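Listed below are the residues making up each chain.
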Amino acid sequence: MSGQNNGSNENTTPAAAARGSELASDFTVSVHYDSRMYKEDIAGSIAHARMLGRQGIIESDDTEKIVDGLTTIAAEMETGEFVWNPDLEDIHMNVESRLYELIGDAAGRLHTARSRNDQVATDTRLWTQGACARAFEAAVSLQTALVNLAEQHIDTIVPGYTHMQRGQPVVLAHHLMAYFEMFDRDATRFAQTAESADVLPLGSGAMAGVPYAIDRKWVADQLDFDDISRNSMDAVSDRDFIVEFLTASSLAMAHLSRLAEELVIWSSDEFGFIKLSDEYTSGSSIMPQKRNPDFAELIRGKTGRVYGSLMGLLITIKGLPLTYNRDLQEDKEGLFDAADTVITALEAAAGMISGMTINADRMRQAASNSFVLATDIADHLVDKGVPFREAYIAVSDLSKQCIADGIGFGELSLSDFQKASDLFDEGVMEITLDSAVAARNVPGGTAPERVRAAITEAKQMLAEAE
Ligand code: ARG
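Keep in mind it's a predicted model, so treat the numbers as computed, not measured.

Conventions used here
Residues numbered from 1 in each chain as written. Predicted model: local features only at pLDDT ≥ 70, side-chain atom pairs only at ≥ 80, totals over all residues. Heavy atoms only, no water. Pairing = 2+ DSSP bridges. Helix = DSSP H or I, 4+ residues; strand = E, 2+ residues; numbered from the N terminus. Near = heavy atom within 4 Å. Polar contact = N/O pair within 3.5 Å; in protein donor to acceptor, adjacent residues only side chain to side chain. Nonpolar A, V, L, I, M, F, W, Y, C, P; charged D, E, K, R; others polar. Axes fitted to C-alpha atoms, helices over the stretch in contact; angles between N-to-C directions. Parallel < 35°, antiparallel > 145°, perpendicular 65-115°, else oblique. Left-handed = near helix turned anticlockwise from the far one by under 90°. Contact = heavy atoms within 4.5 Å. Buried < 20%, exposed > 50% of the residue type's maximum accessible area, 1.4 Å probe, protein only. Phe/Tyr/Trp six-rings, centres within 6.5 Å; stacked < 30°, edge-to-face > 60°. 1 Å grid on protein atoms, 1.4 Å probe; cavity = no way out; pocket = protein on both sides within 12 Å on 5 of 7 lines; lining within 4 Å. Points joined across faces, edges and corners; volume = space filled by probe spheres on them. Expected span 1.5 Å × (residues − 1). Core = buried A, V, L, I, M, F, W, Y, C linked by side-chain atoms within 4.5 Å.

Describing the pairing of strand E2 (residues 165-171)
Link 1 in the chain: The sheet contact formed by strand E1 (residues 157-162) and E2 spans six bridges and is antiparallel. Looking across to E2, one finds that Tyr161 is bridged to Arg166.
Link 2 in the chain: Linking E1 to E2, which pair antiparallel, is a turn of two residues; within it His163 sits at a positive phi near 55°.

A short note on the site of the ligand
Link 1 in the chain: Every residue close to the ligand is listed here: Ser30, Asp34, Asp90, His92, Arg116, Asn117, Val120, Tyr324, Gln329 and Lys332.
Link 2 in the chain: Between the ligand and Lys332 there is a distance of 2.6 Å, counted from an oxygen atom to a side-chain nitrogen or oxygen.
Link 3 in the chain: Looking at the shell around the ligand residue by residue, the classes come out as two nonpolar, four polar and four charged.

Structural notes on the packing of helix H11 (residues 294-317) against helix H12 (residues 331-355)
How two helices pack is summed up by the angle between their axes together with the distance between the axes.
Link 1 in the chain: It is the contact of H11 with H12, at a shortest axis distance of 9 Å, that shows an interaxial angle of 155°. By the angle between their axes, H11 is roughly antiparallel relative to H12. When the axes of H11 and H12 are compared, the crossing they make is left-handed. Residues Phe295, Ala296, Ile299, Lys302, Arg305, Val306, Ser309 and Leu313 of H11 form the contact with H12, whose own contacting residues are Asp331, Gly334, Asp337, Ala338, Thr341, Ala345, Ala348, Ala349 and Met352.
Link 2 in the chain: Of the residues contributing to the contact of H11 with H12, the split by class is 10 nonpolar, three polar and four charged.

Some thoughts on the environment of Tyr324
Link 1 in the chain: Relative to the elements of secondary structure, Tyr324 occurs in the loop between H11 and H12.
Link 2 in the chain: In this structure Tyr324 comes out as partly exposed when scored by relative accessible area, which is 22%.
Link 3 in the chain: Along the backbone, Tyr324 and Asp234 are 90 residues apart, and their C-alpha atoms lie at a distance of 8.9 Å.
Link 4 in the chain: Contacts of Tyr324, omitting those with residues within four sequence positions, involve Asn117, Val236, Ser237, Arg239 and Gln329.

Some points on the packing of aromatic side chains
Aromatic ring pairs: the centre-centre distance and the angle between the two ring planes describe each pair.
Link 1 in the chain: Scanning the entire structure with this criterion turns up 11 aromatic pairs.
Link 2 in the chain: For the ring pair Phe371 and Phe409, a centre distance of 4.9 Å and an interplane angle of 90° mean the geometry is edge-to-face. Note that Phe371 is positioned in the loop between helix H13 (360-368) and helix H14 (374-383) and Phe409 in the loop between helix H15 (388-405) and helix H16 (414-420), a separation of 38 residues in sequence.
Link 3 in the chain: When the ring of Phe388 is compared with that of Tyr392, the centres are 6.4 Å apart and the planes differ by 55°; the resulting orientation is tilted. A residue pair is termed a helical-turn pair when its members lie 3 or 4 positions apart in one helix, as Phe388 and Tyr392 do in helix H15 at four residues.
Link 4 in the chain: By relative accessible area, Phe388 is classed as partly exposed at 34%.
Link 5 in the chain: Members of the aromatic cluster, connected to one another through ring pairs, are Tyr161, Trp266, Phe271 and Phe273.

Regarding empty space enclosed by the protein
Link 1 in the chain: Scanning the entire structure with this criterion turns up two cavities of 30 Å³ or more.
Link 2 in the chain: Taken as a whole, the largest cavity spans an internal volume of roughly 40 Å³.
Link 3 in the chain: If you trace the largest cavity, you find it lined by His175, Leu176, Tyr179, Leu259, Glu262, Leu263, Trp266, Ile353 and Met356.
Link 4 in the chain: When contributions to the lining of the largest cavity are tallied by element, the ones reaching two or more residues are helix H7 (172-196) and helix H10 (240-266).

Comments concerning H10
An α-helical turn contains 3.6 residues, so a residue and the one three or four places further along point in the same direction.
Link 1 in the chain: For H10, which comprises 27 residues, the first-to-last C-alpha distance of 39 Å matches the rise-based estimate of 39 Å (1.5 Å per residue) to within 8%.
Link 2 in the chain: The element H10 is extensively covered by neighbouring structure, given that 19 of its 27 residues are classed as buried.

Notes on the nonpolar core
In globular proteins that are soluble, nonpolar side chains generally tend to be buried together.
Link 1 in the chain: Counting 99 residues, the largest nonpolar core has Leu142, Leu256, Ile274, Ile353 and Ile377 as its most contacted members.
Link 2 in the chain: Beyond its immediate chain neighbours, meaning those up to four positions away, Leu142 contacts Phe183, Leu256, Leu346, Ala349, Ala350 and Ile353.
Link 3 in the chain: In this structure, Tyr38, Val67, Ile103 and Phe225 belong to the second largest nonpolar core, which totals 30 residues.

In structure tokens, the structure reads:
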């Protein structure tokens, strides 16, 4: 890499030198992504300019010019007329430069009592609050889709699995409502993250505060911030709220990925429990019979990039000395990408859940052709006074015998049962998939009665979230 640091080095061709300076500037440019925060940036500047005017720090004439200019710029950005200049590095410098073109020297007064350090922290907090609201809403839509489907399947029996082995029967609604709970925690985390972001850094200046009689509370009110930061050095270098957003997004993606995996498995020929709608599947380019669950797979696959953004930011901020360091510019791409990914994935999952067809017969069959009633049969013996461990062994032996004989519990007569234990009585012949789920009538259990109540409660929660 000789000559890289010196354009006049004899060993460097003019072309290489030109490329070097191009690289150097490209390397620092962020406008191709931070332009996404233009609404927040302009809202922040307008509030700041108005405050400067109110406090008599700048002339009110200048305030008017600045606010008008900024309003014009926002409109130009909205319509796409605005000409972004990468040579100006970031959104903030692009806005300021255009403001000069529009209103002349008054533009130079906007940056009084402000630094890009408190400005970018403010923009990013505003943007993150918006993203939290959108993610919250998307999580609630998915919860709604789950509840609506669950409501139709309070009596649909499906095997519940542990270790991916059929374990005990549950109702499908109970399985779906497990995801409702996960996305409920996710929605809560997005709401909590919005609260973490709800602190105004503006007024911290570069890092030490500013030597003007500014009114930070007034600016906070204008921008709908609940609070102002207590320490200027912390305020310009704190990115915890983004870590929190990425954490909330990562957990939401983990839940989405688990759901996606189940949809992939359930829609396979081997399971045949569901059929995903055509909208969320696509054909194979070579195998005409196939419908691939691409959306579910991509939700599962995109989880990795969201985790990557979380890890990336955690690593970026570790070891940074106070206060602002340019490293912090690396906070935004991961934030934006994670927000886009998690919100789209939540929406796609809601669409898949709403549009899929349930094959209830296949589900019941899978439960019937199995030993999922083994626990209930053991519980029957417990009911007769047998210690659970002994009952367990008797039923385990019985199921091994059935497997050897190629039959299920359903094909056993009472006397077959009684060969395993003379304490079995007619009651054992009445154990069915439906009686097994109904028996789990504890809070949080799969008894249809409980699940119905859980769904009612869930609907109330959703109505409150609206
Ligand atoms: N583009 C920068 C960022 O995103 C804005 C702040 C720049 N501040 C500075 N002192 N260079 O972090």
